[in-house]
Amino acid sequence: MIKDLTDIFRKGIINSAGYNPEIIEHQLENLTNICLWYDDWHFSWYYIYIKDEKGMTENCGFLSTHFPVALLMKNCPDNVRNLLKNNNIFTGNFSRRCSCDEEILKQYASEELNIVDDRKLLDGRISFDSKEFEIICSYYYTDPYDFDFYILLD
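**Comments concerning the overall build of the protein chain**
Within the protein chain, the regular secondary structure consists of six helices and eight strands. Tracing the protein chain from N to C terminus, the helices and strands come up as β-α-α-β-β-β-β-α-β-β-α-α-α-β. Expressed along its principal axes, the backbone C-alpha trace of the protein chain runs to roughly 55 × 35 × 30 Å. Here the protein chain holds 154 residues, and 46% of them are scored as buried. By sequence separation, contacts in the protein chain at least 24 residues apart represent 55% of the contacts at least 6 residues apart. Of the roughly 9000 Å² of accessible surface on the protein chain, a fraction of 49% belongs to carbon and sulfur atoms. Mean positive and mean negative side-chain charge positions of the protein chain (15 and 26 charges, respectively) differ by 7 Å.

**Here's the deal with helix α1 (residues 6–14)**
Turning to α1, its buried residues are Thr6, Ile8, Phe9 and Gly12. Where α1 is buried, its residues contact β1 (3–4), β3 (45–51), β5 (69–72), β6 (90–93), β7 (97–99) and α4 (102–108).

**Quick word on the packing of aromatic side chains**
With the rule as written, the count across this model stands at 14 aromatic pairs. Both rings, one in Phe9 and one in Trp45, keep their centres 6.0 Å apart while their planes meet at 35°; by these two values the pair is tilted. Note that Phe9 is positioned in helix α1 and Trp45 in strand β3, a separation of 36 residues in sequence. Judged by its relative accessible area of 3%, Trp45 is buried.

Cut-offs used in this document
Residues numbered from 1 in each chain as written. Predicted model: local features only at pLDDT ≥ 70, side-chain atom pairs only at ≥ 80, totals over all residues. Heavy atoms only, no water. Helix = DSSP H or I, 4+ residues; strand = E, 2+ residues; numbered from the N terminus. Buried < 20%, exposed > 50% of the residue type's maximum accessible area, 1.4 Å probe, protein only. Contact = heavy atoms within 4.5 Å. Areas by Shrake-Rupley, 256 points an atom, 1.4 Å probe, with all protein chains shown as cover. Lys, Arg positive; Asp, Glu negative; His and termini not counted. Charge placed at Lys NZ, Arg CZ, Asp CG, Glu CD. Phe/Tyr/Trp six-rings, centres within 6.5 Å; stacked < 30°, edge-to-face > 60°.

And the structure:
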């Protein structure tokens, strides 16, 4: 099943004024058995992990570094969910297969990721001499109607 992220991502954009992810990061890392990791290269999402007594980790969600949005897995502990809720972070259930409004999705993706709704080619909204057509021909893009969430982390 495809999870539509448009609503939660839109809420994050609308309510992003004053969002300070470093404060949330610090609070989460002060929770017992919780740690965060992010990719230095793109730095647009924190990975939220549960650590056990042996130092093993298990991913339990993702927190946006730009917008007050977190996508949480079923195994996410209640103390993490409550902390995010108390800090006005919009939370949704994580799903690998997603869809989102194209313009909203572009705000959550890295600048290097091209997002093109290739269905526009079939109905004539993309011309053969456009930049969007060149992107489609390059095969280096994702479509907004059915994408793997993990592509936003690349």
